[in-house]
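What the coordinates show
So the chains spell out like this:
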Amino acid sequence: MTTVAYQGEPGSNSSTVSRTLYPAGEELPFASFEQALDAVTLGAADVAVIPVDNSAAGRVADVHHLLPESGLFIVAEYFLPIRFDLMAVPGTTLDQVECVRSHVHALGQCRKLLREGGWRTLVSDDTAGAAREVAELGDPRHAALAPPAAAGLFGLDVLRSEVEDDPDNTTRFVVLSREATSPSHTGEPTMTSLFFCVRNIPSALYKALGGFASSAVNLTKIESYQMGAGLNASGFYAEIEGHPDEPRVELALQELRFFSSEVRVLGVYPAHAHRLSERSD
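Rules behind the numbers
- Residues numbered from 1 in each chain as written.
- Predicted model: local features only at pLDDT ≥ 70, side-chain atom pairs only at ≥ 80, totals over all residues.
- Heavy atoms only, no water.
- Pairing = 2+ DSSP bridges.
- Helix = DSSP H or I, 4+ residues; strand = E, 2+ residues; numbered from the N terminus.
- Axes fitted to C-alpha atoms, helices over the stretch in contact; angles between N-to-C directions.
- Contact = heavy atoms within 4.5 Å.
- Buried < 20%, exposed > 50% of the residue type's maximum accessible area, 1.4 Å probe, protein only.
- Parallel < 35°, antiparallel > 145°, perpendicular 65-115°, else oblique.

Spatially, the five strands line up as an open sheet ordered β8-β7-β9-β6-β10, and their pairing is mixed. The sheet is open, and its two borders are formed by β8 (120-123) and β10 (157-160), each paired with just one other strand. With strand direction ignored, the average angle separating the axes of adjacent strands in the sheet is 35 degrees. Two strands pair when backbone bridges link them, and strand β6 (residues 85-88) and strand β9 (residues 142-146) are joined in this way by three bridges, in the antiparallel orientation. Each bridged residue has a counterpart across the sheet, and for L86 the counterpart in β9 is L145. On top of the sheet, helix α6 (residues 127-137) reaches β6, β7 (99-102) and β9; it is set at about 155 degrees to β9, its chief contact.

Our focus in this paragraph is the pairing of β9. Burial of β9 is extensive: five of the five residues sit out of reach of the surface. Side-chain alternation along β9 places H142, A144 and A146 on one buried face and A143 and L145 on a second face that is also buried. Both β7 and β9 contribute to a ladder of three bridges, which runs parallel. Across the sheet, residue C99 finds its bridge partner in β9, namely H142.

Along the chain, V75 falls in strand β5 (residues 73-81). Note on V75: relative accessible area 14%, which makes it buried. Once the C-alpha coordinates of V75 and E116 are considered, the two residues, 41 residues apart in sequence, prove to be 42 Å apart. The residues contacting V75, other than those within four sequence positions of it, are V175, S177, E179, T181, Y269 and P270.

A word on the packing of helix α8 (residues 204-214) against helix α9 (residues 247-258). Running from N to C, α8 and α9 point in directions that differ by 170 degrees, and their axes come no closer than 7 Å. Taken together, the axes of α8 and α9 lie roughly antiparallel to each other. Taken together, the residues of α9 that come into contact with α8 (itself represented by K207, A208, G210, G211, F212 and S214) are A252, L253, E255 and L256.

This next bit is on the sheet that holds strand β14 (residues 235-241). Read across the open sheet, the four strands follow the order β13-β14-β12-β15; overall the sheet is antiparallel. Every other strand in the sheet has two partners, leaving β13 (219-225) and β15 (260-270) as the edge strands with one partner each. With strand direction ignored, the average angle separating the axes of adjacent strands in the sheet is 15 degrees. Two elements, strand β12 (residues 190-198) and β14, share seven bridges in a ladder whose sense is antiparallel. Note on β14: the bridge partner recorded for T192 is I240. Sitting on the sheet, α8 is in contact with β12, β13, β14 and β15, with an inclination near 160 degrees to β12. Seen against the sheet, α9 touches β12, β14 and β15 and runs at an angle of roughly 150 degrees to β15.

In structure tokens form, the structure reads like this:
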């Protein structure tokens with residue numbers, strides 16, 4: 001049985017992804033992303049499921065900062081369509097609602113509903129946690145924005161369904177493990193995640209990334225962050241389309257290594273079908 005760590009509570013989107021990817025697995029919820037990753041690092045869990053990007057709200061977790069220090073590897077990705085329902089204790093009507101609780105990202109993804117209702121908001125640690133809080137309060141003045149599964153889990157009534165601003169609202173999750181997977185290069189769409197530090201010379205980043213352009217390798221993400229309190233060269237987290245064993249990717253990585261003081265592959269994993277459907281649209 002696979003033990004799956006995630007940030008949040010049962011009924012959350014992270015819980016939904018965990019059950020989808022590991023239907024026979026054991027869920028291990030935590031209050032923070034760091035705790036979920038630590039559970040894998042220390043062996044309390046086999047994998048961690050972490051949301052990293054949302055199409056409406058942007059970055060969710062600072063994986064570019066957490067990953068290099070965790071010693072973990074990305075072994076899979078998953079794109080989840082995000083749906084939020086407005087829910088409250090049984091018998092509640094919309095006219096009774098005065099306050100809506102949810103995670104800060106969920107509140108930001110349902111602004112139209114919140115403006116329409118004119119309700120004040122309270123930030124909760126987690127969307128499913130907001131539903132639990134409303135159920136525990138038993139007060140019809142409080143409602144929650146939470147995934148549909150949370151209503152049944154906590155015995156709440158759905159006042160409005162699918163209230164997210166964007167019907168195409170999607171969150172990308174990654175699965176992290178202590179052991180790196182080494183999928184063979186079969187020609188199937190593959191993603192590679194990297195961490196690198198450029199050498200402290202002029203135009204180092206420009207030169208380091210030049211190989212991706214000249215080799216026609218698509219760079220889908222790059223994020224920088226300062227390492228330590230000094231003025232050292234920045235560290236970078238990047239994701240590319242392709243397998244390290246592909247000749248064009250291998251050439252690009254050779255050039256990256258030439259202009260970098262450190263390059264680490266943080267994961268090689270199959271591209272999720274959502275990427276392919278977006279490309280064909």
